[in-house]
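Residue-level structural notes
The chain contents come next:
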Amino acid sequence: MDKGSRPIPLFLSPVSCGFPSPAQDYIESTLDLNELLISKPAATFFVRARGDSMIEAGIFDGDLLIIDRSITARHGHVVLAAVYGEFTLKRYVVQRSGAVELIPENPKYKPIPIGPATEFQIWGVATHCVHRL
Amino acid sequence: MIALIDCNSFYCSCERVFRPDLATKPVIVLSNNDGCAVSRSDEAKAVGVKMGAPYFKIKDFCEQNAVHVFSSNYTLYGDMSRRVMETLAEEVARLEIYSIDEAFAEIPDMSEAELRDFALRLRDKIFRHTGIPVSIGIAPTKVLAKVANHIAKANKEFTECVYSLVNEREITAELERFPVREVWGIGRKLAKKLGAHRIDTAKELRESNDKMIQQLLSITGLYIAKELRGESCITLEILREARKQVVSTRSFGKPVYEIEELRESVATHVTSAALKLRQQGLLTRYLRVMIQTSRFDENYHYDSLPMSIPAATASTNKLIATTMPLVDRLYRRGVRYKKAGVVLSDLVPHSRVQMDLFNGSDSARDEHLMRTLDEVNRRFGRGSLAFAACGIDKFWEMASNMKSPAHTTRWSELLRVG
């Protein structure tokens, strides 16, 4: 090599001749599913659905559920609740009377009434379901 | 004002987040290799499980009293800790994370009623977002915040896990009945020293003469006394300085008789201690290898050997090479070894050593090797890449068979809910 010569990287940009790609100046960062699906990472947990009690809500056995604990459950939310110490995923429904029920989305199963004496806790609100096709 | 936020029975609480059936049951978590109880729920304390009780001694007791026992799941606790701290950081301006389950926060001055309100809301938010219950103590200094937290925890029904200690009269009254041994940073040993000088309560320490305190307890002790007087002077730096050693030690799953197994276990301890060093940006200049039988063995035997390291290092391979001859010298045929460990001390920050030409430390090559090693293990899981000296089968290691799944960090171990 001559004195003062420098090695030139060969494939810095895949341009052999002609003009550089016109898109080069317009590149943005790639789309990130986390950004779309998770607003509160510290309060977000993943769980897997089991069984068929929520199939009419589009939640199937083995689906991945995104649970956000920071959201306060409201009428109509799909919630992960603990009833008498057992986890259950159901629709949270508040009747006109103010009575609360956890409703499965499959006629095979019965709603779970939540009375004042029921040992019950809402663990989090399901915000998304990831289903493999 | 300073708030100390401390998670209640942290490891037990982490387990309970994923086990709502245990919400009101006695629960304990054992140390590595199921050695002894390191975290107890209030219910477990109530039935009489003592902190640090060896598991083999309380196993039957736990069965009889329906105490739920977990092996430790540090992956889970680490992830839950991160969630708690992140949630906390949203609410306070300055957060200093002190340990896996404790953090100090600086909060603006407000009235006592407002402080209480703020703390209750903070406590509720952390619980709602993460499922972890916390206690909050608020006071003008860190040491006093620790006292306030202590009070909050000791009288939960009354305090609802939140207590502020702000006016002078109340501070004096509380310190008067607060044993000096319970003061943060004092401990049993120093309390004994103080007791000899008739200093038994926090108030007595606060009112002692500076010169005497410093003679008795060194400069850190003086800082503690000043903080008790309401003068803020302890930074996390000071606390870290005081904690200048890295220890890795663990009981074996079964007694070990062979030197090969002993060597492997020590190499494994060196591996984890050296990783801790690198994570904190430190190098060591002094190490000690310890081996012992069970404390309950009739032929109890403990032995250890030190070695100073001329060129400060954080390189796993160098440290393994240094410790192996020590193990060979310590080993005695026929002894039922139950535990081994290493202590790395005389620690210096990596940055300070780099500038020191003559003390020359790890070469660029060593450092590169360690960075690669850590990166591989970070990406593919702890222990994916290790030195052969650590052994492959590790049958001296105990299977932690009461360990909960990695609910939050492994796709294959997610909670299943129907």
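Summary of the structure given here. The numbers attached to residues start from 1 for each chain and follow its sequence in the written order. The order in which chains are written sets their letters, starting at A; the order in which ligands are written sets their numbers, starting at 1. The model is predicted, so local features are restricted to residues of pLDDT at least 70 and side-chain atom pairs to those at 80 or more, both for listing and for counting; the totals for chains, interfaces and linings are taken over all residues. In computing side-chain properties, one takes all heavy atoms of the structure into account and sets aside hydrogens as well as water.

**Quick word on the overall build of chain A**
Counting its secondary structure elements, chain A contains 1 helix and 7 strands. Strands are runs of DSSP state E lasting at least 2 residues, helices are runs of H or I lasting at least 4, and numbering of each runs from the N terminus. Ordered by position in the sequence, the α and β elements of chain A form the string α-β-β-β-β-β-β-β. We call a residue buried when its accessible area falls under 20% of the maximum for its residue type, exposed when it is over 50%, and partly exposed in between, using a 1.4 Å probe and counting protein chains only. Here chain A, with 133 residues, has 34% of them falling under the buried criterion. Residue contacts are defined here by distance: any two heavy atoms, one from each residue, within 4.5 Å place the two residues in contact. Contacts in chain A between residues far apart in sequence, at least 24 positions, make up 53% of those at least 6 positions apart. Note that accessible areas follow from Shrake-Rupley with a 1.4 Å probe, and for residues the cover is restricted to the protein chains shown. Looking at chain A as shown, the accessible area adds up to about 9,500 Å², and 57% of this sits on carbon and sulfur atoms.

**Some thoughts on the overall build of chain B**
The helix and strand tally for chain B stands at 16 helices and 13 strands. Expected size for 418 residues packed as a compact globule is a radius of gyration near 22 Å; at 23 Å, chain B falls within 12% of this value. Its C-alpha atoms give chain B principal-axis dimensions of roughly 60 × 60 × 45 Å. Sequence separation of at least 24 residues holds for 67% of the intrachain contacts in chain B that already meet a minimum separation of 6. On chain B, roughly 20,900 Å² of surface is accessible, and the fraction owed to carbon and sulfur atoms is 51%. All radius of gyration figures rest on C-alpha atoms, and the globule criterion is 2.2 Å times the number of residues raised to 0.38.

**So, the sheet that holds strand β4 (residues 86-94) of chain A**
Within a sheet, adjacent strands bond to each other through the backbone by hydrogen bonds, running parallel or antiparallel. As summarised here, the arrangement of the 8 strands in space is β6(A)-β5(A)-β4(A)-β3(A)-β7(A)-β2(A)-β1(A)-β13(B), forming an open sheet in which the pairing is mixed. The outermost strands of the open sheet, each flanked by one partner alone, are β6 (112-114) of chain A together with β13 (415-417) of chain B. Taken over all neighbouring pairs, the strand axes of this sheet differ in orientation by 45° on average, direction set aside. Two strands qualify as a pair provided that DSSP identifies no fewer than 2 bridges between them. Across 4 bridges, the pairing between β4(A) and strand β5 (residues 100-103) of chain A is antiparallel. Across the sheet, the residue bridging to A:V94 is A:V100, located in β5(A). Each axis is a line fitted through C-alpha atoms, taken for helices only over the stretch in contact, and angles between the N-to-C directions span 0 to 180 degrees.

**A closer look at the interface of chain A and chain B**
Taken together, the contact pairs 26 residues of chain A with 22 residues of chain B. Each of two parts loses accessible area, computed with a 1.4 Å probe, when they are put together; buried area is these two losses added. Roughly 2,200 Å² is buried in total at the junction of chain A and chain B, and carbon and sulfur atoms are behind 56% of that figure. Counted as salt bridges are all cases of a side-chain nitrogen of Lys or Arg within 4 Å of a carboxyl oxygen of Asp or Glu. For the interface between chain A and chain B, the tally reads 2 salt bridges. Its salt-bridge partner being B:E90, residue A:K40 comes within 3.7 Å of it at the nearest N-O pair. Among the elements of the structure, β1 (44-49), β3 (78-83) and β4 of chain A are those that each provide at least two residues to the side of chain A that touches chain B. With 6 residues, β1(A) is the single largest residue contributor to the side of chain A that touches chain B. Each residue gets one of three labels, nonpolar for Ala, Val, Leu, Ile, Met, Phe, Trp, Tyr, Cys and Pro, charged for Asp, Glu, Lys and Arg, and polar for the others, Gly among them. In terms of residue class, the side of chain A that touches chain B is built from 13 nonpolar, 7 polar and 6 charged.

**What to know about the packing of helix α1 (residues 10-17) of chain B against helix α4 (residues 74-89) of chain B**
Residue and element names in this part refer to chain B. With their axes 10 Å apart at the nearest point, α1 and α4 run at an angle of 90° to one another. With respect to each other, α1 and α4 are oriented roughly perpendicular. Contacts between α1 and α4 pair F10, Y11, C14, E15 and V17 from the former with Y74, L76, Y77, M80 and S81 from the latter. For the contact of α1 with α4, the per-class residue count stands at 8 nonpolar, 1 polar and 1 charged. Oblique is the label for any angle not under 35 degrees, not over 145, and not in the 65 to 115 range, which are roughly parallel, roughly antiparallel and roughly perpendicular in turn.

**Here we look at α1(B)**
Counting buried positions over the 8 residues of α1(B) gives 8, a clear majority of the element. Listed in full, the buried residues belonging to α1(B) are B:F10, B:Y11, B:C12, B:S13, B:C14, B:E15, B:R16 and B:V17.

**Considering the pattern of salt bridges**
For the structure on display, the rule yields 30 salt bridges over all chains. Across the pair B:K142 and B:E96 runs a salt bridge, and its minimum N-O distance is 2.9 Å. With B:K142 in helix α6 (residues 142-154) and B:E96 in strand β5 (residues 94-99), this residue pair connects regions lying 46 residues apart in the sequence. According to the relative accessible area criterion, B:K142 is buried, its value standing at 6%. For the salt bridge of B:E102 with B:K146, the shortest nitrogen-to-oxygen distance reads 2.3 Å. With B:E102 in strand β6 (residues 102-106) and B:K146 in helix α6, this pair connects stretches of sequence that are 44 residues apart. The pair B:E102 / B:K146 is uniform in exposure class, with both members buried. Overlapping salt bridges bring together A:K40, B:E90, B:E91 and B:K125 as one network.

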